[in-house]
Amino acid sequence: MTEKKGTASVSFGEPPRIIGAASIVGSKEGDGPLGHLFDVIEPDPRFGKNTWEEAESELQLLTARKAMEKAGMNEEQIRYLFAGDLLAQGIATSYGIMELQIPLFGLYGACSTCGESLSLASMAVNAGCAECAMALTSSHFASAEKEFRFPLEYAGQRPLSTTWTVTGSGAFVLAAAGSSYAEGASVCITGITTGKVVDYGVKDSMHMGAAMAPAAADTIYRHLMDFGREAEEYDRIITGDLGSIGQTILKDLLRERAIELDGIHEDCGMLIYDPDSQDTHAGGSGCGCAAVVLASYILPKIMRKEWKRVLLVPTGALLSKVSFNEGKSIPGIAHGVVLECI
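Residues numbered from 1 in each chain as written. Predicted model: local features only at pLDDT ≥ 70, side-chain atom pairs only at ≥ 80, totals over all residues. Heavy atoms only, no water.

Visitor: Pulling in residues and values, what's your account of the overall build of the protein chain?
Guide: When its secondary structure is counted, the protein chain shows 10 helices and 17 strands. Taken over the C-alpha trace, the protein chain has a radius of gyration of 18 Å; the compact-globule value for 342 residues is 20 Å, and the two agree within 12%. Once the C-alpha set of the protein chain is aligned to its principal axes, its extents read approximately 55 × 50 × 35 Å. Counting over 342 residues, the protein chain shows a buried share of 63%. Contacts in the protein chain between residues at least 24 apart in sequence constitute 79% of all its contacts with a sequence separation of at least 6. As displayed, the protein chain has an accessible area near 13,400 Å², and 51% of this comes from carbon and sulfur atoms. Between the averaged position of the 28 positive side-chain charges in the protein chain and that of its 43 negative side-chain charges there is a distance of 3 Å. (Helix = DSSP H or I, 4+ residues; strand = E, 2+ residues; numbered from the N terminus. Rg over C-alpha atoms; globule rule 2.2 N^0.38 Å. Buried < 20%, exposed > 50% of the residue type's maximum accessible area, 1.4 Å probe, protein only. Contact = heavy atoms within 4.5 Å. Areas by Shrake-Rupley, 256 points an atom, 1.4 Å probe, with all protein chains shown as cover. Lys, Arg positive; Asp, Glu negative; His and termini not counted. Charge placed at Lys NZ, Arg CZ, Asp CG, Glu CD.)

Below you can see the structure in the form of structure tokens.
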């Protein structure tokens, strides 16, 4: 039976199945180490549209359709859509998936949105509120720079601590364990740990790894305490987009709590780009970062049973251009999702 665990976690008695997943990325991501794994690599950064925001909306729509195609479904069979992006008022999502006419829960968890959407979709499916639901998110380098930093035309310089916002979208179709849609599925979501807002007072918007690492450490710690597990019981614990600097901070924070991640930790932001050949500084970030790495790299490894249990912890920096301009610090949040082979 479904069970509340500890202070912030849920264990699903009939774990929802992931029956379809898709990833579409831009050319820079396609040139990275995972390029051969993505479903589509789009060479046009505008996706045939006139603005960066329209491009990201088109990116989301294409990815949602690709996930349904791979799941053998259409939009009428998806009861709820849980989706979000980085832009103000979630416009990439609302404009992007409008024509699908699927009932929508619009989300904002910054770069943790993949974890948030998967958590909520899992709960809806597990509770019997939907036989099938979709989790969807996206980011776009140019639209994010315009929203949070400077338009590309400014040619602003980026310090080495920055991460590169991934142009990409990931979509996941979930089905109830007992439904006919779930037949043949090989990956399920067995539990979640919902993150809380953690603020260490970081104010540097060019150093997101430092802002998000404390939240990731808190969620991983509470997840292990809630489930009564050791880190070694996971084949991998994978964070969303801390980057190389944030990874070091995360390990130091957890080491203070006697949790050692050496050998089992990976970060999506470090996996998606080649640090030697691609000028992305500390790594990748954005809502699309964890989503496309999950769809293209993590899920196939679980499907092949190379990994039997993975804790995915997408991380987000909860700033806006308003809060930053008013001198506020940058709180972080991270959501944990347990993925297991069936």
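Visitor: Run through the environment of valine 125, naming residues and quoting values.
Guide: Following the sequence through the fold, valine 125 ends up in helix α4 (residues 113-126). The residues contacting valine 125, other than those within four sequence positions of it, are Pro16, Ala130, Glu131, Cys132, Ala133, Leu174, Ala175 and Ala176.

Visitor: Could you give an account of the nonpolar core, naming the residues involved and the relevant values?
Guide: In globular proteins that are soluble, nonpolar side chains generally tend to be buried together. In terms of nonpolar packing, the biggest core is built from 47 residues, with Leu118, Phe172, Ile189, Val293, Leu294, Ile298 and Leu339 touching the most fellow members. Sorting elements by how many residues they give to this core places helix α9 (residues 287-303) first, with 11 residues. Excluding anything up to four places from it in sequence, valine 293 contacts Leu34, Cys268, Leu271, Ile272 and Ile298. Core analysis: the next-biggest nonpolar cluster, separate from the first, contains 35 residues, Val202, Val313, Ala334 and Val338 among them. (Core = buried A, V, L, I, M, F, W, Y, C linked by side-chain atoms within 4.5 Å.)

Visitor: Outline the environment of proline 43, supporting the account with residue identities and numerical values.
Guide: In this structure, proline 43 sits in the loop between β4 (40-42) and α2 (52-71). For the pair proline 43 and serine 27, spaced 16 residues apart in the sequence, the C-alpha separation amounts to 5.1 Å.

Visitor: Break down the packing of helix α6 (residues 208-227) against helix α7 (residues 243-255) for me, with residues and values.
Guide: Running from N to C, α6 and α7 cross one another at 40°; their axes reach a closest spacing of 8 Å. Between α6 and α7, the crossing angle belongs to the class labelled oblique. Note on packing geometry: the crossing formed by α6 with α7 is right-handed. Where α6 approaches α7, its residues Gly209, Ala210, Ala213, Pro214, Ala216, Ala217, Ile220 and Tyr221 are matched on the opposing element by Gly246, Ile249, Leu250, Leu253 and Leu254. Within the contact of α6 with α7, the residues separate by chemical class into 11 nonpolar, 2 polar and no charged. (Axes fitted to C-alpha atoms, helices over the stretch in contact; angles between N-to-C directions. Parallel < 35°, antiparallel > 145°, perpendicular 65-115°, else oblique. Left-handed = near helix turned anticlockwise from the far one by under 90°. Nonpolar A, V, L, I, M, F, W, Y, C, P; charged D, E, K, R; others polar.)

Visitor: Explain the pattern of salt bridges to me, and be specific about the residues and the numbers.
Guide: Under the defined criterion, the tally for this structure stands at 16 salt bridges. Here lysine 146 ties to glutamate 53 by a salt bridge, and the two come within 3.3 Å at their closest N and O atoms. One end of the pair, lysine 146, is in helix α5 (residues 141-148); the other, glutamate 53, is in helix α2, with 93 residues separating them in the sequence. Between arginine 222 and aspartate 218 there is a salt bridge whose closest N-O contact spans 2.8 Å. You can see arginine 222 and its partner aspartate 218 sitting in helix α6, 4 residues apart, about one turn around the helix. In this structure, arginine 222 and aspartate 218 share a single accessibility class: buried. (Salt bridge = Lys/Arg side-chain N within 4 Å of Asp/Glu carboxyl O.)

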